[in-house]
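# Analysis of the macromolecular model
As a plain string of letters, each chain reads:
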Amino acid sequence: MAATPDTLYLKIDRNIVVQDRQVHLQDIAKMECTDAAALRQLKQKKIYSFQEKDTPHKKKQQIQVFSILSIIQQIHEDYPQLEVQNMGETDFVVECNAGIQENKWLDTVKTIVLCIIIFFGAAFTIMTFNNDVGVGEVFQQLYQQVTGTQSNGVTEIEVFYALGMPIGIIVFYNHIGKKKVTHDPTPIQVEMRKYEQDVDNTFVENAEREGNSIDVD
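Below, the structure is looked at part by part. Bear in mind the structure is a predicted one, so any value in this text is a computation, not a measurement.

### Digging into the sheet that holds strand β7 (residues 83–86)
- An order of β4-β1-β7 is seen for the three strands of this open sheet, with the pairing classed as mixed. The open sheet has two free edges, formed respectively by β4 (29–33) and β7, since each of these has just one partner strand. Direction aside, neighbouring strands of the sheet carry axes that sit 25° apart on average.
- For strand β1 (residues 7–12) and β7, the ladder comprises four bridges, and the chain directions are parallel. Residue pairing for β7: T7 is matched across the bridge by E83.
- Across the sheet, helix α2 (residues 36–43) lies against β1 and β4, angled at about 160° from β4, the strand it touches most.
- Lying over the sheet, helix α3 (residues 68–78) contacts β1 and β7, oriented at roughly 145° with respect to β1.

In structure tokens:
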């Protein structure tokens, strides 16, 4: 009776960020195998080397698209009898940040400028919306109908409206600084994940069309 071949379970996410130009299998994949010795060897297997194309004074992020078939092919070069079960993505993106240094001062300035733009943009949007739908006139009519007196423009309705708006925004976005109101992901986090998925899909599709994806022949 023939022996059952060993099985390697391989899981790779859609997008992986590495900090070294020499990319090993353990840097991009989670693995489990019935052959412990083979698993140790495969974790150290180098699958790709990013070339240093940047100038000494300017480092740029490098991106490469891979097909899972190319990874399986490299595994079979060392272990041809090993059965590989892919539990992750069929195509994935590897981003190399080797040598890139974060400029915290510049990031802080960008954050401040972005907050100012968002603040005044949101304020302008709210004011134009209120003006378009005539919120002020509605409040005046409502106040007169309820109290029987003429509104002077600043009443309990305007005050509670002004207080309720930021409270509603905080509850909706589920975010106060670094703290969240609930454990659910915020709408911004959800939209950012959708955006990241769209970006990764575009990278994969463009690489396949341009023939820059690393795949089997």
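### Thoughts on a nonpolar patch on the surface
- On the surface, a nonpolar cluster with roughly 610 Å² of combined accessible area is contributed by V154, V159, F160, L163, I167 and V171.
- If you trace the backbone, I167 turns up in helix α6 (residues 156–173).

About the cut-offs
- Residues numbered from 1 in each chain as written.
- Predicted model: local features only at pLDDT ≥ 70, side-chain atom pairs only at ≥ 80, totals over all residues.
- Heavy atoms only, no water.
- Pairing = 2+ DSSP bridges.
- Helix = DSSP H or I, 4+ residues; strand = E, 2+ residues; numbered from the N terminus.
- Axes fitted to C-alpha atoms, helices over the stretch in contact; angles between N-to-C directions.
- Contact = heavy atoms within 4.5 Å.
- Patch = residues over 30% accessible without salt bridge, like charges linked within 9 Å, V, L, I, M, F, W, Y side chains within 5 Å.
- Areas by Shrake-Rupley, 256 points an atom, 1.4 Å probe, with all protein chains shown as cover.
- Salt bridge = Lys/Arg side-chain N within 4 Å of Asp/Glu carboxyl O.

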